[in-house]
There are 2 protein chains.
Amino acid sequence: MSMRRVKLIVEYDGTDYAGWQRQINALTVQQVLEDALSELAQEQISCTGASRTDAGVHSLGQTVHFDTRCSVPDDKFCYALNTMLPADIRVRESCQAEPDFHARFHAKRKQYRYLIHNHAHAGALNRNTHAHVMYPLDIEAMQREAYALIGLHDFAAFAASGSIVKDTMREIYSAQLEREGDEVRLFVLGNGFLYNMVRIIAGTLIGVGTGKLMPGAISSAIDTGDRLLLGPTAPAHGLTLMRIWYS
Amino acid sequence: MSMRRVKLIVEYDGTDYAGWQRQINALTVQQVLEDALSELAQEQISCTGASRTDAGVHSLGQTVHFDTRCSVPDDKFCYALNTMLPADIRVRESCQAEPDFHARFHAKRKQYRYLIHNHAHAGALNRNTHAHVMYPLDIEAMQREAYALIGLHDFAAFAASGSIVKDTMREIYSAQLEREGDEVRLFVLGNGFLYNMVRIIAGTLIGVGTGKLMPGAISSAIDTGDRLLLGPTAPAHGLTLMRIWYS
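Since we're looking at a predicted model, the values are computed, not measured.

### Details of the overall build of chain A
Next up, step 1: Counting its regular elements, chain A contains five helices and 10 strands.
Next up, step 2: For 247 residues, the compact-globule formula gives about 18 Å, and the C-alpha radius of gyration of chain A, at 19 Å, lands near that figure.
Next up, step 3: Buried residues in chain A amount to 56% of all 247 residues.
Next up, step 4: Excluding contacts between residues fewer than 6 apart, the proportion of contacts in chain A whose partners are at least 24 apart in sequence is 70%.

Below you can see the structure in the form of C-alpha cells.
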C-alpha cells in the first residue's frame, strides 16, 4: 500500500512513565506506542505527539500522527493497539489524516486540567491525579486572579527556567476554577503553552488561594516577566492534557 | 490512661488489597491499618470496620472503631497514622467515640458509588476506579429501572450465592444515575446492603442500559427472589464506599 498519515487520540496515566517523549534509559509513552505501532504494522514507525507532557502528567487527549504503508484500516488502529498496549495507555480514536497534517505544528487550541485535593489529609484514591493542598483554598480569589491570564500576553515569566523558546507570546481563552467537595479543578484553554506554564499557573493560583501570594501576582508577572513574582511549579501529577483542536 | 474508643474515617484505593477484612496469606486494609495502629499505640490493637469491602473495592468513607489506652490525642490519630500508612490508605478524620459505639452494628445509612467508563475503548486514567462498558448506555432506561429499588424490600435475589445472611430485608432510600461525558455514575443510599448487592444492582442496570435485560427485571427479582432475573455481578473496581451515617 502507498504511504498515508494516520491520526490517533491517546489517553494515558502518566504515573509510571518518564513523560511522552522518547528518551534513552527511561520508559516513555511515545516509546511504548511506537513499539506497539511498529509491531502491528510490521515496519519501523515513528510518531509525533502534539504535546511533550512531563513525567507524571496524564493525557485524555494527546494527539499523535504517524506514517505507514501497512494494511490496517485507519479506524481499526485503536482496536488493534488496545490489545497490545499496557492498561495505562489507551487509544481512544484513530482516523486517516491529511498527508501534511502535523499533530504539533497544526494544533490551534489546547485544553489542560489541573486537579487539587483540598483537604487536611492527602487522598488515597486520587493520589496520582490530584495535587494535595492541605490549607483551605479561596476559590473566588483564585478565579479573580485567573482572569488576568485571559488574552494575548507575553508569558515569559511563566516558562520554566532554562527554556529556549524565543516567542513567549501566548493567547489564553479561558481559565476556570470549580470546586466540588474536596476537589478543586482548574481548566485552562489557550492557543499554546510554554514549558511548565500550566503548572506554574496552578502553583500561583494555589498561592493566591491559600493567601501566601498577594492577588495581582499574575498581572505583575506578565508585565515584568519576573518568574519570582509567581508561585512554585505545582506537581506534575495534578496535570492532564484534555484536548487539542485543529483548524 | 484508661481505655477509650476511637473512631476513624478511612479512605483507600482497594486495587492492591484483598479487601478490607483481615485474612491469612493476603494483604488487606484492616491488617495494614491494625499494624500501623499497634505500632503507633505501642499495644496490640484490633479494629472493626463498618463494611467488609471486597478485593478491588475502594473507600472514601469506611468507618472504623478501636479501643486503646495510648496517649495519642483522639484528633491526632489521623496525622500520626498518615505518616506511617502507605499512600493508598489515608485516614481522613479521627475522633473519640462513645464507649459502646460500634462501627458496623450502629450504621444507619450507607452510600455507595459505582462508576462506569462508557466508551468504545477502555480508559487508561480511570482503569482502577471505573468498570468499562463499551456499548452505549441508555441512562434514562437505567434510571427508570433503578426507581424499583427504592423502598423496603426483600432483596434476597440480590445477595451473592452462598450468602448466609437470614434477614434479606433492606430499605433503599435513593438510587440515582448521572452521566458526564463518558462517565456514568450510580449512587445508592440504603440502610444496609447484602454481600455483592450493589455490584449486582450495577450489573443489572448495565444490562438494562445496553438492552440485554428487559426493563422490569428488578421488580420481578424483588417479587420472586430469583437471582437469575438479574444481570451479572459488576466488577469490584467500579465500586466505592462513600459514606456511613450513624444516629
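### Considerations on the interface of chain B and chain A
Next up, step 1: Listed per partner, the contact involves 28 residues of chain B and 28 residues of chain A.
Next up, step 2: A buried area of about 2,100 Å², summed over both sides, lies between chain B and chain A, and 57% of it is on carbon and sulfur atoms.
Next up, step 3: Of all residues in chain B, Arg-92, His-121 and Leu-125 of chain B give up the largest surface area on contact with chain A, accounting jointly for 35% of the area buried on that side.
Next up, step 4: Remark: the boundary between chain B and chain A carries four salt bridges.
Next up, step 5: Where chain B meets chain A, there are 12 residue pairs in polar contact (both at pLDDT 80 or more).

### Thoughts on the environment of Gly-207 of chain A
All names here are of chain A.
Next up, step 1: Relative to the helices and strands, Gly-207 is located in helix 4 (residues 197-210).
Next up, step 2: Sequence spacing of Gly-207 and Arg-243 is 36 residues, and the spatial spacing of their C-alpha atoms is 26 Å.
Next up, step 3: Discounting chain neighbours no more than four positions away, the residues touching Gly-207 are Lys-212 and Leu-213.

### Quick notes on the relation of the copies chain B and chain A
Next up, step 1: Overlaying chain B with chain A gives an RMSD of 0.0 Å, the required rotation being 180 degrees about an axis along which the chain moves by 0.0 Å. Between the two chains, the operation in question is that of a two-fold axis. Across chain B, the rotation axis passes nearest the C-alpha of Asn-126 of chain B, at a separation of 5.1 Å.
Next up, step 2: Same-surface contact between copies: 100% of interface residues of chain B are shared with the interface of chain A.

### Things to note about unusual backbone geometry
Next up, step 1: Positive phi, normally seen in glycine, also occurs at Asn-25 of chain A, with a value near 70 degrees.
Next up, step 2: You can see Asn-25 of chain A is positioned in the loop between strand 1 (4-12) and helix 1 (29-41).
Next up, step 3: In this model, Asn-196 of chain B sits at a positive phi of 70 degrees, which is unusual for a non-glycine residue.
Next up, step 4: Summarising the element assignment, Asn-196 of chain B is placed in the loop between strand 9 (183-190) and helix 4 (197-210).
Next up, step 5: On the accessibility criterion, Asn-196 of chain B (17% relative accessible area) is buried.

### Description of the packing of aromatic side chains
Residue and element names in this part refer to chain A.
Next up, step 1: Summed over all chains, the structure comprises 10 aromatic pairs over all chains.
Next up, step 2: Seen in terms of ring centroids, Phe-101 and Tyr-246 are 4.8 Å apart; in terms of plane orientation they differ by 65 degrees. Their pairing is edge-to-face. In this pair, Phe-101 sits in the loop between strand 4 (89-97) and strand 5 (107-118) while Tyr-246 sits in strand 10 (residues 239-246), placing the two residues 145 residues apart along the sequence.
Next up, step 3: Judged by its relative accessible area of 10%, Phe-101 is buried.
Next up, step 4: Ring centres of Phe-155 and Phe-158 lie 5.2 Å apart, and the angle between their planes is 80 degrees; on these two criteria the pair is classed as edge-to-face. Note on accessibility: Phe-155 and Phe-158 belong to one class, buried.

### Side note on the environment of Phe-101 of chain A
Next up, step 1: Separated by 36 residues in the primary sequence, Phe-101 of chain A and His-65 of chain A have C-alpha atoms spaced 7.8 Å apart.
Next up, step 2: Ignoring sequence-local partners within four residues, the contact set of Phe-101 of chain A consists of Arg-5, Lys-7, Thr-63, His-65, His-106 and Tyr-246 of chain A.

### Brief notes about the confidence of the model for chain A
Next up, step 1: Across chain A, the average pLDDT comes to 96, with 99% of residues at or above 70.
Next up, step 2: Scored as a whole, the predicted complex attains pTM 0.95, and scored at its interfaces, ipTM 0.92.

### Side note on the pattern of salt bridges
Next up, step 1: Under the counting rule described, the total for this entry stands at 24 salt bridges over all chains.
Next up, step 2: Across the salt bridge formed by Asp-182 of chain A and Arg-92 of chain B, the nearest N and O atoms sit 2.5 Å from each other. Of this pair, Asp-182 of chain A sits in the loop between strand 8 (169-180) and strand 9 (183-190) while Arg-92 of chain B sits in strand 4 (residues 89-97), which puts the two residues in different chains.
Next up, step 3: Overall, the relative accessible area of 17% leaves Arg-92 of chain B in the buried class.
Next up, step 4: A salt bridge links Asp-67 of chain B to Arg-5 of chain B, with the shortest nitrogen-to-oxygen separation between them at 2.8 Å. Placement of the pair is Asp-67 of chain B in strand 3 (residues 58-68) and Arg-5 of chain B in strand 1 (residues 4-12), with a sequence separation of 62 residues.
Next up, step 5: Here the salt bridges share partners, and the residues they tie into one network are Glu-178, Glu-180, Glu-183 and Arg-185 of chain A.

### Re the side chain of His-130 of chain B
Residues and elements named next belong to chain B.
Next up, step 1: Turning to its location among the elements, His-130 is positioned in the loop between strand 5 (107-118) and strand 6 (131-133).
Next up, step 2: There is a polar contact of 2.6 Å between the side chain of His-130 and the side chain of Glu-183.
Next up, step 3: In contact with His-130, not counting residues within four places along its chain, are Leu-115, Ile-116, His-117, Glu-183, His-237 and Gly-238.

What counts, and at which threshold
- The residue numbers shown here count from 1 along each chain, following its written sequence.
- Each chain takes a letter, starting from A, and each ligand takes a number, starting from 1, following the order in which they are written.
- Local features in this predicted model are restricted to residues of pLDDT 70 or higher, and side-chain atom pairs are both shown and tallied only at a pLDDT of 80 or more, whereas totals for entire chains, interfaces and linings draw on every residue.
- Only heavy atoms go into the side-chain values, all of them from the structure, while hydrogens and water stay out.
- Strands are runs of DSSP state E lasting at least 2 residues, helices are runs of H or I lasting at least 4, and numbering of each runs from the N terminus.
- Radius of gyration means the value over C-alpha atoms here, while the globule rule gives 2.2 Å times the residue count to the 0.38 power.
- Relative accessible area decides the class of each residue, using a 1.4 Å probe on protein chains only: under 20% of the type maximum gives buried, over 50% gives exposed, and in between gives partly exposed.
- Residues are treated as being in contact if the distance between any of their heavy atoms lies within 4.5 Å.
- Defined here as a combined quantity, buried area equals the accessible surface (1.4 Å probe) lost by two parts on assembly, summed across both.
- Any carboxyl oxygen of Asp or Glu that lies within 4 Å of a side-chain nitrogen of Lys or Arg is treated as forming a salt bridge with it.
- Within 3.5 Å is the distance limit for a polar contact, defined as a pair of N or O atoms, with the added protein rule that one can donate a hydrogen and the other accept it, and that residues adjacent in sequence qualify only through two side-chain atoms.
- Copy-to-copy superposition: least squares on the C-alpha atoms, limited to residues that have pLDDT of at least 70 in both copies.
- Between the rings of Phe, Tyr and Trp (Trp by its six-membered ring), a pair exists once the centres lie within 6.5 Å; its type follows the angle of the planes, with under 30 degrees stacked, over 60 edge-to-face, and the other angles tilted.
- The predictor rates its confidence in each residue with pLDDT, a number between 0 and 100.

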